[in-house]
There are 2 protein chains.
Amino acid sequence: MADAEFWYEFASTYSYPAALRVGALAEARGVALGWRPFLLGPIFAAHGWRDSPFNIYPAKGRYMWRDLERTCEAMGVPLRRPEPFPQSSLLAARVALALQGEDRAAFSREVYRAEFGRGLPIADRTTLSALLAACGVDPAPALERAETDANKAALKAECAMAAEIGIVGAPSIVTADGEVFWGNDRLEQALDWAARGREGDATTGAG
Amino acid sequence: MADAEFWYEFASTYSYPAALRVGALAEARGVALGWRPFLLGPIFAAHGWRDSPFNIYPAKGRYMWRDLERTCEAMGVPLRRPEPFPQSSLLAARVALALQGEDRAAFSREVYRAEFGRGLPIADRTTLSALLAACGVDPAPALERAETDANKAALKAECAMAAEIGIVGAPSIVTADGEVFWGNDRLEQALDWAARGREGDATTGAG
């Protein structure tokens, strides 16, 4: 089992810098990281939101785009706003969930780079096929696995679990002991917490 | 003029750790800091919210209280939830605005320590009088100045200005060049930005 799970949504802006940062941060701390794609739609719907809160509340949207711009500048990564925003993330999430291990992480980073680094639409099969190929994954069978009933049901179950464990936004990191940390600005704190959890396990022999 | 303005709301939970941290962080960077009490009510009302979003959206509230608990633990400061939450912050904000300089900062920190460190109600004159006295400020004239029409109008103007410059939550830091940074977890970034702005001024001789 992973020491920490990285929960992300492809339509989520702050998940972009987080997805690019989180792997190295986990590795530096010896934390085994699970990648958990999910959809915020059902959680937002429970709030009565049928759109991104950054569109529903324009002042928050303006703040977020400027804040993200500063974050990306500091990281030295490009930022381009995809149109429309938010992008439909359903198919990308299904594809990511149908992949395993490093393929899932690599594909997820490629999706974010395309969407927010180059401003490309990510909802269609052509774009996703190209991104899969760029990761060395054969696109046709991956897309086929993504659209099986079993995989669709698995993604639905992931979304229900996200709500169940108290996730309210993306990105979030959930540690093995059930702590939830929300936001790109909580990655270090979350992974430090997970690393301390590992040390505790080692001491008690429960690891 | 200050290099950076710290905008805070006495009902805001994350403003509590921020108010305790921000002074030393600014001083360490040589940043002149202004303290700007305001009310989020008018900004939230524009979102259609008549209560704290942490009450309107219970999952967000649960997340926030746990997150704040971790933050306070890491800082070594106590956390007690005042009842009811949120507290009415109108009178405290008026009193803070009627004070100047270090008196305002000291009183504001005392209000937060009482409210979130000891769980005390902060809406009444008796509590606020005791906090003023603890700061070495004569309570009666301070409360009298707080409730003049001029001071009430000044607070209203502060709230309008907060919305105007794009503040969407508290705490926020606004730098001299107009950048807005929202959140206790943005203090360092905001003050680093303000410090770089000072250096720029010194170079061009515009300081």
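Refer to the structure presented above.
Thresholds, definitions, all that
- Residues numbered from 1 in each chain as written.
- Chains lettered and ligands numbered in written order.
- Predicted model: local features only at pLDDT ≥ 70, side-chain atom pairs only at ≥ 80, totals over all residues.
- Heavy atoms only, no water.
- Pairing = 2+ DSSP bridges.
- Helix = DSSP H or I, 4+ residues; strand = E, 2+ residues; numbered from the N terminus.
- Axes fitted to C-alpha atoms, helices over the stretch in contact; angles between N-to-C directions.
- Least-squares fit on C-alpha atoms with pLDDT ≥ 70 in both.
- Contact = heavy atoms within 4.5 Å.
- Buried area = accessible area lost by both parts, 1.4 Å probe.
- Salt bridge = Lys/Arg side-chain N within 4 Å of Asp/Glu carboxyl O.
- Nonpolar A, V, L, I, M, F, W, Y, C, P; charged D, E, K, R; others polar.
- Expected span 1.5 Å × (residues − 1).
- Buried < 20%, exposed > 50% of the residue type's maximum accessible area, 1.4 Å probe, protein only.
- 1 Å grid on protein atoms, 1.4 Å probe; cavity = no way out; pocket = protein on both sides within 12 Å on 5 of 7 lines; lining within 4 Å.
- Points joined across faces, edges and corners; volume = space filled by probe spheres on them.
- Phe/Tyr/Trp six-rings, centres within 6.5 Å; stacked < 30°, edge-to-face > 60°.

A few points about the sheet that holds strand β3 (residues 172-175) of chain B
Neighbouring strands of a sheet are bound in pairs by backbone hydrogen bonds; such pairs are parallel or else antiparallel.
Residue and element names in this part refer to chain B.
Okay, so step 1: Strand order across the open sheet formed by four strands is β2-β1-β3-β4, with mixed pairing between neighbours. Both outer strands of the open sheet, β2 (33-37) and β4 (180-182), are each paired with one neighbouring strand and no more. Here the strands of the sheet are splayed against their neighbours by 20 degrees on average, with no regard to which way each runs.
Okay, so step 2: Relative to β4, β3 is paired through three bridges, and the arrangement is antiparallel. Looking across to β4, one finds that I173 is bridged to F181.

Some thoughts on the relation of the copies chain A and chain B
Okay, so step 1: With an RMSD of 0.0 Å, the operation that places chain A on chain B is a rotation of 180 degrees combined with a shift of 0.0 Å along the axis. Taken together, the rotation and translation describe the operation of a two-fold axis. Among all C-alpha atoms of chain A, that of A:D185 lies closest to the rotation axis, at 3.6 Å.
Okay, so step 2: Mapped onto chain B, 100% of the interface residues of chain A again fall at the interface, so both copies present the same surface.

Points about the interface of chain A and chain B
Okay, so step 1: Listed as interface residues are 19 residues of chain A and, on the opposing side, 19 residues of chain B.
Okay, so step 2: Across the interface of chain A and chain B, roughly 2,100 Å² is buried in total on both sides, 51% from carbon and sulfur atoms.
Okay, so step 3: Looking at the side of chain A facing chain B, the largest losses of area belong to A:K60, A:Y63 and A:R70, adding up to 28% of the total buried there.
Okay, so step 4: Applying the counting rule to chain A against chain B returns eight salt bridges.
Okay, so step 5: A:E179 is the salt-bridge partner of B:R70, the closest N and O atoms lying 2.7 Å from each other.
Okay, so step 6: Taken together, the elements giving at least two residues each to the side of chain A that touches chain B come down to α4 (58-75), β4 (180-182) and α10 (187-204) of chain A.
Okay, so step 7: The greatest single-element share of the side of chain A that touches chain B, amounting to six residues, is contributed by α4(A).
Okay, so step 8: Across the side of chain A that touches chain B, the residue classes tally to 10 nonpolar, two polar and seven charged.

What to know about α4(A)
Every α-helix carries 3.6 residues per turn, so stepping three or four residues along brings you back to the same face.
Okay, so step 1: For α4(A), built from 18 residues, the straight-helix expectation of 26 Å at 1.5 Å per residue is met to within 8% by its first-to-last C-alpha distance of 26 Å.
Okay, so step 2: Every buried residue of α4(A) is accounted for by A:K60, A:G61, A:Y63, A:M64, A:W65, A:D67, A:L68, A:R70, A:T71 and A:C72.

Digging into the side chain of A:S15
Residues and elements named next belong to chain A.
Okay, so step 1: Summarising the element assignment, S15 is placed in helix α1 (residues 15-28).
Okay, so step 2: Relative accessible area serves as the criterion here: at 0%, S15 is assigned to the buried category.
Okay, so step 3: Not counting residues within four places of it along the chain, the set of residues in contact with S15 comprises Y8, E9, Y112, A170 and P171.

Here's the deal with the layout of surface pockets
Okay, so step 1: Counted as a void, the second largest pocket has a volume near 290 Å³.
Okay, so step 2: Lining the second largest pocket are 19 residues, and of these A:A163, A:G166, A:I167, A:V168 and B:A59 sit closest to its centre.
Okay, so step 3: Looking at the lining of the second largest pocket, the elements that each hand over two or more residues are α2 (41-46) of chain A together with α4 (58-75) of chain B.

Section: the pattern of salt bridges
All names here are of chain A.
Okay, so step 1: Taken as a whole and judged by the stated rule, the model has 32 salt bridges over all chains.
Okay, so step 2: E69 is the partner of R66 in a salt bridge, and the nearest nitrogen-oxygen pair spans 2.7 Å. Taken together, the residues R66 and E69, both in helix α4 and three residues apart, mark about one turn of the helix.

What to know about the packing of aromatic side chains
Okay, so step 1: Counted under the stated rule, the structure contains 30 aromatic pairs over all chains.
Okay, so step 2: An angle of 45 degrees between the planes, with centres 5.1 Å apart, marks the rings of A:F10 and A:Y112 as tilted. Separated by 102 residues along the polypeptide, A:F10 in the loop between β1 (4-8) and α1 and A:Y112 in helix α6 (residues 101-117) bring together distant segments of the chain. Both residues of the pair, A:F10 and A:Y112, belong to the buried class.
Okay, so step 3: Centre to centre, the rings of A:W182 and B:Y63 are 5.8 Å apart; their planes meet at 75 degrees, and the pair counts as edge-to-face. Separated into two different chains, A:W182 in strand β4 and B:Y63 in helix α4 make up a pair that spans both.
Okay, so step 4: Residue A:W182 is classed as partly exposed on the basis of its relative accessible area, which comes to 28%.

It is worth stressing that arrangement in space is one thing and function is another; only the former is reported here.
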